[in-house]
Amino acid sequence: MAGRINDDDVKAVRDAVPIDAVVSEYLQLRNAGGGNLKGLCPFHDEKSPSFQVSPSKGLFHCFGCQEGGDTIAFVMKIDHLSFSETVERLAARAGITLRYEEGGYNPTHQRGERIRLVEAHKAAAQYYAEQLDGAEAEIGRRFLAERGFDQAAAGHFGVGYSPAGWDHLTRHLRGKGFSDKELILSGLSQDGRRGPIDRFRGRLMWPIRDVGGDVVGFGARRLRDDDNGPKYLNTPETPIYRKSQVLYGIDLAKKDIAKSSRAVVVEGYTDVMACHLAGVTTAIATCGTAFGGDHIKILRRLLMDNGSARVIFTFDGDAAGQKAALRAFEDDQKFAAETYIAIAPDGMDPCELRLVKGDEAVQELVEPRTPLFEFALRQIVNRYDLETPAGRAAALDEAAPIVARIKNVASQHEVAVELAGMLGILDTQFVVKRVAQLARWARDRGGAPDGRPRPGTGPRPPAPAGQRQAQPSFTGPALNLRSPAHRTERELLKLALQYPALVSPAFDAYGADEFTAPPYAAVRRTIAEAGGAAQGVDDTADYLARVRAAAPDDTVRAMVTELAVEAVLTRTVDEAYAGEQLVQVRLRAVDRRVHEVQGTLTRLGTHGDPERLAAVQNELWVLQQYGQSLRNHGVAAL
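What counts and how
- Residues numbered from 1 in each chain as written.
- Predicted model: local features only at pLDDT ≥ 70, side-chain atom pairs only at ≥ 80, totals over all residues.
- Heavy atoms only, no water.
- Helix = DSSP H or I, 4+ residues; strand = E, 2+ residues; numbered from the N terminus.
- Buried < 20%, exposed > 50% of the residue type's maximum accessible area, 1.4 Å probe, protein only.
- Contact = heavy atoms within 4.5 Å.
- Areas by Shrake-Rupley, 256 points an atom, 1.4 Å probe, with all protein chains shown as cover.
- Pairing = 2+ DSSP bridges.
- Axes fitted to C-alpha atoms, helices over the stretch in contact; angles between N-to-C directions.
- Right-handed = clockwise from strand over helix to strand, strands pointing away.
- Phe/Tyr/Trp six-rings, centres within 6.5 Å; stacked < 30°, edge-to-face > 60°.
- Lys NZ or Arg CZ within 6 Å of the ring centre and 35° of its normal.

A. Structural detail: the overall build of the protein chain. Across its full length, the protein chain carries 26 helices and 18 strands. Across the 638 residues in the protein chain, those meeting the buried criterion constitute 46%. Contacts spanning at least 24 positions in sequence make up 65% of the contacts within the protein chain whose residues lie at least 6 apart. Total accessible area on the protein chain is roughly 31,500 Å²; 49% of this is exposed by carbon and sulfur atoms.

Shown next, in the form of structure tokens:
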């Protein structure tokens, strides 16, 4: 595993890749005034643009859904990558060599290795695609045509053909500068008696891409009867390809999966093609392995654990398909999404269905039909002799824990009643109580209804020594932008983040208690943690990055980003305007303190402790004089 990326290199990447250049690859931007750009937010549906980009600050913020951050945060969210993956991708784009810290190996070597293997696969994908037009590949073109795929469809999915000779691709990639060691390591070639030979020969080729769009492997379909290999041959496990961690079509489907909160899991490459061409653009497939926990992790990042999310499995109706569906159900609880199974009439897969009945039939197929738990129940019930009391009891013992796993309590009760009907048990309440009892035991033990602990449940280990416990960023009443005080505090913080030279050093003497809105007080403390507004006088972009890094949590960080991108409420941003905001925030703080001291005087009365009374009266006099000076002299009195 790579070590931590050097902080200076992260900053260099952030500075080298303009945020507007990155964002404009995903949406159209137009001028928003004040040096900002605006467009329709890619993270939620909207008709009028509320998504703003500030190129000078390297930040984006959506005033509709509140998403925001820097270039790295944008790519992480829209392409569903980790922080390290995002920095590495942007670094490659900018031509920056990253340094790693605390690694257990030479990261430069490892990083260079990944780049080389990805480049080899990219070159191979292009080579295979070009070969599909040749005379030898006519059998491959016929295979595609028989399944309803024309040349445009093949091009859209990058389908290609591997020549039947021993080393066509190997010689081609050698000519591109790749070494024999790299070709063997990539899985594109394998050892032969006289050196490396092609792994894939005389087959139809599907490039397999990771979630970021890089080709990391291939799926190869047998075409000729004299090919003694398996029907489908996939890339072996390599440093960049783990079949349990890739989903075919994820690069094409990810945006629509995230947008619609729906994913359709099919069984093969042609099924993915058929679904996408039929308008079901959320279809993906595993690559020669069962759907498992690592695949669920990928989908959960896209579905974002939305409570209305759906995952629909379209396994074949044969015994193997039913077995695959039951395997998928074993991991059902790892989803926050509801899971369904859809089986086409006559057991056809999506590719066959599209060919026979057209695109509409494929679209209708993936509309949720049968909840996966219901399918699993019927498979269990069908294994028992329900004509005997013993058979019904045994079926109930196996099926009840499955019903108890249903997340929605109302649905759980309803399905328990259905289970009683399936089993032919007349005492419906007996079955309902049995299921409820299992669910209650699971909740009490923090596990699944069969007694297994659920991931993320049960007692938590103690926090490491010295580690702060997470606390709410701020508490108190919600922001009220109709409040003059809140408006002025917000304006001053925007100036402190966007134009620190105009408010420094006076701003840095302000305490968090001078901001009446708890969110604004939290931002003021965060600026102080980052060294104050004076740090931004020479380099605003770097200063904003430090402030965002100093935020105690994502809530405060989002508020910092929002204030750093939001336009200041004046056409002319100058020292006079900044001074007005500084004076108004300070004057309101002084007036509040005057009010508090006057209350203290009232409580002390004329019979209080003379020394205490004199001290309070003196404080009141000083505050009143200071307030009057602020009113008369403005910023000069600060």
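Back to the write-up after that little detour.
B. Representation of the sheet that holds strand β17 (residues 338–341). Read across the open sheet, the 5 strands follow the order β15-β14-β16-β17-β18; overall the sheet is mixed. The outermost strands of the open sheet, each flanked by one partner alone, are β15 (283–285) and β18 (370–371). With 3 bridges connecting them, strand β14 (residues 262–266) and β15 associate as parallel partners. Within β15, the residue paired with Val265 across the bridge is Ile284. Most of the contacts of helix α10 (residues 250–260) go to β15, to which it runs at about 130°, and overall it touches β14 and β15.

C. Local environment of the pairing of β14. Counting buried positions along β14 gives 5 out of 5 residues, so the element sits mostly inside the fold. In β14, alternate side chains face the same way, and those of Arg262, Val264 and Val266 on one face and Ala263 and Val265 on the other are all buried. As judged from the 4 bridges shared by β14 and strand β16 (residues 310–313), these two strands associate in the parallel manner. From the neighbouring strand, Val265 faces β16, where its bridge partner is Phe313. Read from β14 through helix α11 (residues 269–277) to β15, the crossover connection turns out right-handed.

D. Highlighting the sheet that holds strand β8 (residues 160–162). Pairing is antiparallel across the open sheet formed by 4 strands, whose spatial order is β8-β11-β12-β13. At either margin of the open sheet sits one strand with a lone partner, and together these are β8 and β13 (232–234). Strand-to-strand twist in this sheet, taken as the mean axis angle between neighbours without regard to direction, amounts to 35°.

E. View of the packing of aromatic side chains. One pass over the structure, following the stated rule, counts 16 aromatic pairs. Here the aromatic rings of Phe60 and Phe74 are separated by 5.4 Å at their centres, their planes lie at 80°, and the arrangement is edge-to-face. Here Phe60, found in strand β5 (residues 59–62), pairs with Phe74, found in helix α3 (residues 71–79); they are 14 residues apart in sequence, far enough to count as distant. The same class applies to Phe60 as to Phe74, namely buried. Here the guanidinium or amino end of Lys77 rests over the ring plane of Phe43, the centre of that ring lying 5.1 Å away. If you follow Arg147 out to its NZ or CZ, it ends over the ring of Phe143, 3.5 Å from the centre.

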